[in-house]
Amino acid sequence: MTIYEEMLARYHQEHGTASPNAVHEVMQQIALAGLNRGGFFDHAAFYGGTCLHLFHGLPRFSEDMDFSLIEKRDDIHLEDYFPSIITEFQMAGLDVSIVKKEKKAFGRVESAFLKENTEAYEIKFQTKKTVKVKIELDTDPPLQFETEQKLLLQPYSFMTRCFVLPDLYAGKMHALVYRAWQKRIKGRDWYDFEWYVRNNIPLDFNHLQARIKEFNGKTVDKDTFMQHLRERLASTNIDLVKTDVLDFISNPHELDIWSNAYFLQLAERIRFV
């Protein structure tokens, strides 16, 4: 049995054989192992929903793997670590290819999120159908964030540099409130927001301010941010929000309480660092 097969069997034991996300999550862990073995986390940190899911138990599936350099520089690139990723998959018993992900922009603000100094690629594994895991690195990131080392045990024991929870929270709130081009509503942002509030995680407003300044060119104080948040929570079609997140959770009844009024009450429970 290969390392990949062992990891998949373990995943099925822990999560149930019916989970459609097993291959993706095992691939994500192998990719992290390869990046670690190549020294990537000397220069970069993991953030976003997949980080929250793998290291903090967020109970929803997350597709993409988002990374940020820990300082602004132009000599670190994802391509430098492709050999380590490919070798790690080969040691686990899989042959993969890595191809550049073409990003599409639909307006000025989205173009800022998909800025030129963000590198995006897909790791592809061919089974009965192609399984893809997107990896993305911000090489010119907003700063004022802190990191910590988090442990994974498979495919071997290693540490991954991750954003701390208050800064993960800041990134999520920036996406929820200021991704103003949201023709496609991301209910996953709303789900994660609820998780942060329910788990009493404090929000790092300094990092949130840095993200707003970097991506949106605005300086926003807490009162203005809260005003913008309430406007977003009150005006968005909650049925569309629910529809987006359904494929990423196992229990749809989690969403029974969801309404605009419910999220407005969650907003009043935000704690700031």
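A brief structural summary. (Residues numbered from 1 in each chain as written. Predicted model: local features only at pLDDT ≥ 70, side-chain atom pairs only at ≥ 80, totals over all residues. Heavy atoms only, no water.)

### Comments concerning a nonpolar patch on the surface
Together, Leu151, Leu153 and Met159 give the surface a local cluster of nonpolar side chains, amounting to about 290 Å² of exposed area. Positionally, Leu151 belongs in strand β6 (residues 147-152). Residue classification places Leu151 among the partly exposed positions, given a relative accessible area of 46%. (Patch = residues over 30% accessible without salt bridge, like charges linked within 9 Å, V, L, I, M, F, W, Y side chains within 5 Å. Areas by Shrake-Rupley, 256 points an atom, 1.4 Å probe, with all protein chains shown as cover. Salt bridge = Lys/Arg side-chain N within 4 Å of Asp/Glu carboxyl O. Helix = DSSP H or I, 4+ residues; strand = E, 2+ residues; numbered from the N terminus. Buried < 20%, exposed > 50% of the residue type's maximum accessible area, 1.4 Å probe, protein only.)

### Focus on the pairing of strand β2 (residues 65-69)
Counting buried positions along β2 gives 5 out of 5 residues, so the element sits mostly inside the fold. Here β2 shows a buried face lined by Met65, Phe67 and Leu69 and a second buried face lined by Asp66 and Ser68. With 4 bridges connecting them, strand β1 (residues 44-47) and β2 associate as antiparallel partners. When the sheet's bridge partners are listed, Ala44 is paired in β2 with Leu69. Judged from the 4 bridges that link them, β2 and strand β5 (residues 130-138) form a sheet pairing that is parallel. Bridge pairing in β5 links Ser68 to Asp138. (Pairing = 2+ DSSP bridges.)

### Details of the pattern of salt bridges
A complete count under the given rule lists 13 salt bridges for this structure. Of the charged contacts, one joins Glu136 and Lys134 as a salt bridge, the two residues approaching to 3.5 Å between their closest N and O atoms. The burial state of Glu136 is the same as that of Lys134; both residues are buried. Each of the salt bridges in this network shares a partner with another, and the network as a whole consists of Arg60, Lys172, Asp189 and Asp192.

### Remarks on the packing of helix α6 (residues 165-178) against helix α8 (residues 205-216)
The contact between α6 and α8 brings their axes to 8 Å, and the two run at 40°. Judged on the interaxial angle alone, α8 and α6 are oblique. Note that α6 runs across α8; the crossing there is right-handed. For the pair formed by α6 and α8, the contact residues are Asp167, Ala170, Gly171, Met173, His174 and Tyr178 on the first element and His207, Leu208, Arg211, Ile212, Phe215 and Asn216 on the second. Within the contact of α6 with α8, the residues separate by chemical class into 6 nonpolar, 4 polar and 2 charged. (Axes fitted to C-alpha atoms, helices over the stretch in contact; angles between N-to-C directions. Parallel < 35°, antiparallel > 145°, perpendicular 65-115°, else oblique. Left-handed = near helix turned anticlockwise from the far one by under 90°. Contact = heavy atoms within 4.5 Å. Nonpolar A, V, L, I, M, F, W, Y, C, P; charged D, E, K, R; others polar.)

### Side note on α6
Between its first and last C-alpha, α6 extends 20 Å over 14 residues, near the 20 Å set by a 1.5 Å rise per residue. Where burial is concerned, most of α6 is hidden: 14 out of the 14 residues are buried. (Expected span 1.5 Å × (residues − 1).)

### So, the environment of Ile135
Position of Ile135 among the secondary structure elements: in strand β5. Along the sequence, Ile135 and Gln28 sit 107 residues apart, while their C-alpha atoms lie 9.2 Å from each other. Ile135 has contacts with Met65, Phe67, Leu78, Ile85, Glu119, Ala120, Tyr121 and Ile123, leaving out every residue within four places of it along the chain.

### A few points about the packing of helix α7 (residues 187-198) against helix α10 (residues 238-245)
At a minimum axis separation of 7 Å, α7 and α10 run at an interaxial angle of 90°. Comparing their axes, α10 and α7 come out roughly perpendicular. Of α10, the residues touching α7 (which contributes Gly187, Arg188, Trp190 and Tyr191) are Ile238, Val241, Asp244 and Val245. In the contact of α7 with α10, the residues fall into 5 nonpolar, 1 polar and 2 charged.

### Remarks on the pairing of strand β7 (residues 158-163)
For β7, the buried fraction is high: 5 of the 6 residues fall into the buried class. One ladder, built from 6 bridges, connects β6 with β7; its direction is antiparallel. Residue pairing across strands places Gln149 opposite Arg161, the latter belonging to β7.

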